[in-house]
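Residue-level structure breakdown
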Amino acid sequence: SPYQRLSQRMQDVTGDRGVLKEVIREGAGDVVTPDASVLVKYSGYLEHMDKPFDTNCYRKVPRLMKLGEEITLWGMEVGLLTMRKGELARFLFKPRYAYGALGCPPLIPPNTTVLFELELLDFLDSAESDEFFALTAKQQDVFPLEKVLKVAGTEREFGNYLFRQNRFHDAKERYKRASLILCRRPFHPGEQGQIESAKLLVFLNLSFTYLKLERPSRALIYGEQALAIDQRNAKALFRCGQACLIMTEYERARDFLVRAQREQPLNHDINNELKKLASCYRHYMDKEKEMCYRIFSPLNSSAVQQN
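Residues numbered from 1 in each chain as written. Predicted model: local features only at pLDDT ≥ 70, side-chain atom pairs only at ≥ 80, totals over all residues. Heavy atoms only, no water.

**Brief notes about the UniProt feature "domain: PPIase FKBP-type" (unreviewed entry) in the protein chain**
For clarity, the threshold we go by: UniProt positions are given in the numbering used here, feature names are shortened, and annotations may be inferred rather than shown by experiment. A helix here means a DSSP run of H or I that spans at least four residues, while a strand means a run of E at least two residues long, and both kinds are numbered starting from the N terminus.
In the numbering adopted here, UniProt assigns the feature "domain: PPIase FKBP-type" (unreviewed entry) to residues 35–124. The distance separating the terminal C-alpha atoms of residues 35–124 is 9 Å; by composition the span is 8% helix and 38% strand.

**Considerations on the domain arrangement of the protein chain**
So the rule is basically this: Each domain's extent is set by a domain assignment, obtained either automatically or from a database. Buried area is calculated as the accessible area (1.4 Å probe) missing from two parts once they are joined, with the contributions of both summed. The working definition used for a salt bridge is a side-chain nitrogen of Lys or Arg within 4 Å of a carboxyl oxygen of Asp or Glu.
By domain assignment, the protein chain separates into domain 1 (2–125) and domain 2 (128–294). Each of domain 1 and domain 2 has a C-alpha centre, and the two are 39 Å apart. Both sides together, the interface formed by domain 1 and domain 2 hides about 740 Å², and carbon and sulfur atoms give 59% of it. The largest per-residue losses of area from domain 1 upon contact with domain 2 belong to Val61, Leu124 and Asp125, which jointly make up 61% of the total buried on that side. The interface formed by domain 1 and domain 2 holds one salt bridge in total. Taking the shortest distance from any N to any O, the salt bridge between Lys66 and Asp130 comes out at 3.3 Å.

**Let's talk about the nonpolar core**
Generally speaking, a soluble globular protein has its nonpolar side chains buried in company with each other. Spelled out, the test is: For the purposes of this section, nonpolar cores are sets of buried Ala, Val, Leu, Ile, Met, Phe, Trp, Tyr and Cys residues that join through side-chain atoms within 4.5 Å. Under the scheme applied here, a residue whose accessible area is under 20% of the maximum for its type counts as buried, over 50% as exposed, and between as partly exposed, the area being computed with a 1.4 Å probe on protein chains only.
Judged by nonpolar contacts, the single largest core of 44 residues is most densely connected at Phe256 and Leu277. Only α5 (145–164), α6 (168–183), α7 (192–212), α8 (216–229), α9 (234–246), α10 (250–263) and α11 (268–306) provide two or more residues apiece to this core. Sorting elements by how many residues they give to this core places α7 first, with nine residues. In terms of nonpolar packing, the next biggest core, distinct from the first, is built from 27 residues, Ala36, Met76, Val114 and Leu118 among them.

**Brief notes about the packing of α7 against α8**
Convention followed: Between the N-to-C directions of two axes lies an angle of 0 to 180 degrees, each axis being a line fitted to C-alpha atoms and, for a helix, fitted only over the stretch in contact. Angle categories: roughly parallel below 35 degrees, roughly antiparallel above 145, roughly perpendicular from 65 to 115, and oblique for all the rest. Note on convention: the crossing is left-handed when the near helix lies turned anticlockwise from the far helix by less than a right angle, right-handed when the turn is clockwise. Note on contacts: a residue pair is in contact if any heavy atoms of the two residues lie within 4.5 Å. Each residue gets one of three labels, nonpolar for Ala, Val, Leu, Ile, Met, Phe, Trp, Tyr, Cys and Pro, charged for Asp, Glu, Lys and Arg, and polar for the others, Gly among them.
Relative to each other, α7 and α8 sit at 160°, their axes nearing to 8 Å. Comparing the axis directions of α7 and α8 gives the class roughly antiparallel. Note that α7 runs across α8; the crossing there is left-handed. Two secondary-structure elements touch here, α7 through Glu196, Lys199, Leu200, Phe203, Leu204, Leu206, Ser207, Tyr210 and Leu211 and α8 through Pro216, Arg218, Ala219, Tyr222, Gly223, Gln225, Ala226 and Ile229. Taken together, the residues of the contact of α7 with α8 break down into 11 nonpolar, three polar and three charged.

**Some words on the pairing of strand β8 (residues 88–93)**
To keep it simple, the criterion reads: In this description, strands pair whenever DSSP reports at least two bridges between them.
Summarising burial for β8: six of the six residues are buried, a large majority. Burial along β8 is two-sided: Leu88, Arg90 and Leu92 facing one way and Ala89, Phe91 and Phe93 facing the other are all buried. Sheet topology note: the strand β2 (residues 19–25)/β8 ladder contains six bridges and is antiparallel. Of the residues in β8, the one forming a bridge with Lys21 is Phe91. Relative to strand β9 (residues 114–125), β8 is paired through six bridges, and the arrangement is antiparallel. Across the sheet, Leu88 pairs through a bridge with Glu119, a residue of β9.

**Let's talk about the packing of α7 against α9**
Remark: α7 packs on α9, axes separated minimally by 10 Å, with the N-to-C direction vectors making an angle of 25°. It follows from the interaxial angle that α7 and α9 lie roughly parallel. Where α7 crosses over α9, the handedness of that crossing is left-handed. Of the residues in α9, those touching α7 at Leu204, Ser207, Phe208 and Leu211 are Lys235, Ala236, Arg239, Gln242, Ala243 and Ile246. For the contact of α7 with α9, the per-class residue count stands at six nonpolar, two polar and two charged.

The structure is reproduced here in structure tokens:
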């Protein structure tokens, strides 16, 4: 059969030929860790069928799934633990690693071997993060700096994934967890540079996320916290300018945006925001003139009539 012919050139992953693997495109970096959350595209096929019986490839951004909790197919979990970021591979799962002796009627017949194509887009190792948050506050304070930075980085990466899915509230919570870890960390003078660099990235993320949540005052707070670390950071200046423009604080918006433009003169987003500011300010002044005219126009008419 086709699957029997295919299996002859595949690698035995489990030692009992229960999960067989063929790499279609090599990945790079580390192999997926057992406690990771994975971003994977998959399609499952039955023998002699061209269309998949199960796939998530129709999703623009697949759902992040945690190994050991959210992946129900044993063979898929076994296969993912052999993969690297960017890898595309084909797997054959024998019934024991797939749907068992009973199958999954009416779709999957009993004792069925299935083929899955998996593309590992990315994975986040949350083992150290899970371990960190299980500690008491006192234990967290003496956690090695390298691991604290890694935990904060993992939380920020989770936030970035949620942000890309337009789940801004959930992204904000992840960024705030990263911020809390970094801001309450007591550090030695030699550690300050590393911690400040990590905090800068988180504050920029939070500022942008609050803009998406239409909360410009909070966006401004985090933008200014980023500027306290790097006063010439173009992204922070731009976010603060955007927040002030939304709040109709035009003078402050202009100050932030002009400073951002000074750092990046050719940045289209900054230049377009300055044009938007000019347009909003003109509209604002026109409304002010119209309001003044309406207030004083009756007085002027009365004066003319009395004369």
